[in-house]
Amino acid sequence: FSMRGAEPVGDQVDPLTLTGVLTPTPLTEVPQSISVVSAESIARRNLGKLDEALQYTAGVQAAPYAYDSDTNWIFLRGFDATQTGLFMDGSQLLSYGFGSFYIDPFLVERVEVLRGPSSMVYGSSNPGGVVNLVSRLPTDTPGHVAEVGVSSQGRSWASIDWSDHLSESVALRFGARLQRTDGFGMFAPGMTGVMFGALTTVFDNGGTLSVAANYTRMDETH
């Protein structure tokens, strides 16, 4: 059921990727520099924002304005990628001025950073590179995870991630998380609710169709 190039990374050192060439290709065969941050890595570090996940990625300056509760600020090789360099599943998340799509790390299976100009593949985008966010989709192995957590930085959350096979040809994945963040004292306390769902169908000829949707609701004084 897993889409090749978008499946969980796990312990793979040379995983397939769809970033850079748009067909499943091992990282070492893509003729540009790519870094992959897996959902497992984000979970191990208990990260609450996507820009925090890129703080140790080469060529990336993440959160240059320090903590910002509702914006993922990312600079690639000196260029601001927040507005023209963010993609999700290969489609650009267009932003203007100070208005941008906010993607929660709970929604992604991996974060892939493609460094360098990539207009040949992605059209008009950031000259320093692009960040492609890969949605969580049904996996080959069914599984259910429930989590409750509290951090020393004033964040608490509860979440569930449910994935199962409805039949030999249909798989479903659903997840939800409710999170409260005190904002390190800079902003009023905020609540964030996130939901996602994805359905994958496998056809007799081996082709697959995946349909995914997500919803984010933020309630805070900024």
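Residues numbered from 1 in each chain as written. Predicted model: local features only at pLDDT ≥ 70, side-chain atom pairs only at ≥ 80, totals over all residues. Heavy atoms only, no water.

## Thoughts on the sheet that holds strand 5 (residues 74–76)
Okay, so step 1: Taken together, three strands build an open sheet; the order of strands is 4-5-6 and the sheet is antiparallel. Both edges of this open sheet fall to strand 4 (60–62) and strand 6 (79–80), since each of them pairs with a single strand only. (Pairing = 2+ DSSP bridges. Helix = DSSP H or I, 4+ residues; strand = E, 2+ residues; numbered from the N terminus.)

## A few points about empty space enclosed by the protein
Okay, so step 1: Summed over the entire model, instances satisfying the criterion amount to four cavities of 30 Å³ or more.
Okay, so step 2: Put simply, the largest cavity is a space of about 70 Å³.
Okay, so step 3: Lining of the largest cavity is provided by Leu-50, Leu-54, Asn-72, Ile-74, Leu-86, Leu-93, Phe-101, Ile-103, Val-111, Val-131 and Leu-133.
Okay, so step 4: Of the residues belonging to the lining of the largest cavity, the class tally is 10 nonpolar, one polar and no charged.
Okay, so step 5: Each pocket or cavity is described by its volume, and for the second largest cavity that value is around 50 Å³. (1 Å grid on protein atoms, 1.4 Å probe; cavity = no way out; pocket = protein on both sides within 12 Å on 5 of 7 lines; lining within 4 Å. Points joined across faces, edges and corners; volume = space filled by probe spheres on them. Nonpolar A, V, L, I, M, F, W, Y, C, P; charged D, E, K, R; others polar.)

## With respect to a nonpolar patch on the surface
Okay, so step 1: Taken together, the side chains of Ile-160, Phe-174, Met-195 and Tyr-215 define a hydrophobic patch exposed on the protein surface, amounting to about 380 Å² of accessible area.
Okay, so step 2: By the secondary structure assignment, Tyr-215 is in strand 15 (residues 208–219). (Patch = residues over 30% accessible without salt bridge, like charges linked within 9 Å, V, L, I, M, F, W, Y side chains within 5 Å. Areas by Shrake-Rupley, 256 points an atom, 1.4 Å probe, with all protein chains shown as cover. Salt bridge = Lys/Arg side-chain N within 4 Å of Asp/Glu carboxyl O.)

## What about the side chain of Ser-38?
Okay, so step 1: Note on placement: Ser-38 falls in strand 3 (residues 34–38).
Okay, so step 2: Assessed through its relative accessible area of 8%, Ser-38 is described here as buried.
Okay, so step 3: Once you skip the residues sitting within four places of it in the chain, Ser-38 turns out to touch Val-9, Glu-109 and Arg-110. (Buried < 20%, exposed > 50% of the residue type's maximum accessible area, 1.4 Å probe, protein only. Contact = heavy atoms within 4.5 Å.)

## Here we look at the pattern of salt bridges
A pair can form between side chains of opposite charge whenever their charged atoms are brought close.
Okay, so step 1: Applying the stated criterion across every chain yields a total of six salt bridges.
Okay, so step 2: A salt bridge links Arg-177 to Asp-104; the shortest N-O distance between them is 2.4 Å. Placement of the pair is Arg-177 in strand 13 (residues 170–181) and Asp-104 in the loop between strand 8 (91–92) and strand 9 (108–115), with a sequence separation of 73 residues.
Okay, so step 3: Judged by relative accessible area, Asp-104 falls into the buried class, the value being 0%.

## Quick look at the environment of Tyr-67
Okay, so step 1: Position of Tyr-67 among the secondary structure elements: in the loop between strand 4 and strand 5.
Okay, so step 2: Sequence-wise, Tyr-67 and Pro-24 are 43 residues apart; in three dimensions their C-alpha atoms are separated by 35 Å.

## Things to note about the layout of surface pockets
Okay, so step 1: Volume-wise, the largest pocket comes out at about 600 Å³.
Okay, so step 2: Along the walls of the largest pocket sit 26 residues, with Ala-39, Ala-43, Arg-136, Val-145 and Asp-161 positioned nearest its centre.
Okay, so step 3: Only helix 1 (39–44), strand 11 (143–150), strand 12 (155–165) and strand 13 provide two or more residues apiece to the lining of the largest pocket.
Okay, so step 4: Here the lining of the largest pocket is composed, by residue class, of 11 nonpolar, seven polar and eight charged.

## Brief notes about the packing of aromatic side chains
Okay, so step 1: All chains considered together, the criterion is met by four aromatic pairs.
Okay, so step 2: Relative to Trp-73, the ring of Tyr-65 lies with its centre 5.1 Å away and its plane at 90°, an arrangement referred to as edge-to-face.
Okay, so step 3: Given a relative accessible area of 52%, Tyr-65 falls into the exposed group.
Okay, so step 4: For Trp-73, a relative accessible area of 11% translates into the label buried.
Okay, so step 5: Through a chain of ring-to-ring contacts, three or more aromatic side chains come together here, namely Tyr-65, Trp-73 and Phe-75.
Okay, so step 6: A cation over an aromatic ring shows up here: Arg-136 above the ring of Phe-106, its NZ or CZ 4.9 Å from the ring centre. (Phe/Tyr/Trp six-rings, centres within 6.5 Å; stacked < 30°, edge-to-face > 60°. Lys NZ or Arg CZ within 6 Å of the ring centre and 35° of its normal.)

## Some details on the environment of Ser-69
Okay, so step 1: The residue Ser-69 is located in the loop between strand 4 and strand 5 in this model.
Okay, so step 2: Separated by 83 residues in sequence, Ser-69 and Ser-152 have C-alpha atoms that sit 16 Å apart.

## Let's talk about the nonpolar core
Okay, so step 1: Ranked by internal contacts, the top residues of the largest apolar core, which has 24 residues, are Ile-42, Leu-54, Ile-103, Val-108, Val-111, Val-131 and Leu-133.
Okay, so step 2: Counting residues per element, the ones that place at least two in this core are helix 2 (50–53), strand 4, strand 5, strand 7 (86–88), strand 9, strand 10 (129–135) and strand 14 (190–202).
Okay, so step 3: Considering every element that reaches this core, the biggest residue donor is strand 9, with three residues.
Okay, so step 4: If we ignore the near neighbours within four places in the chain, the residues touching Val-131 are Leu-54, Ile-74, Leu-76, Gly-85, Leu-86, Phe-87, Val-111, Glu-112 and Val-113.
Okay, so step 5: If you look at the next biggest cluster of nonpolar residues, it comprises seven residues, including Leu-27, Ile-34, Phe-87 and Val-130. (Core = buried A, V, L, I, M, F, W, Y, C linked by side-chain atoms within 4.5 Å.)

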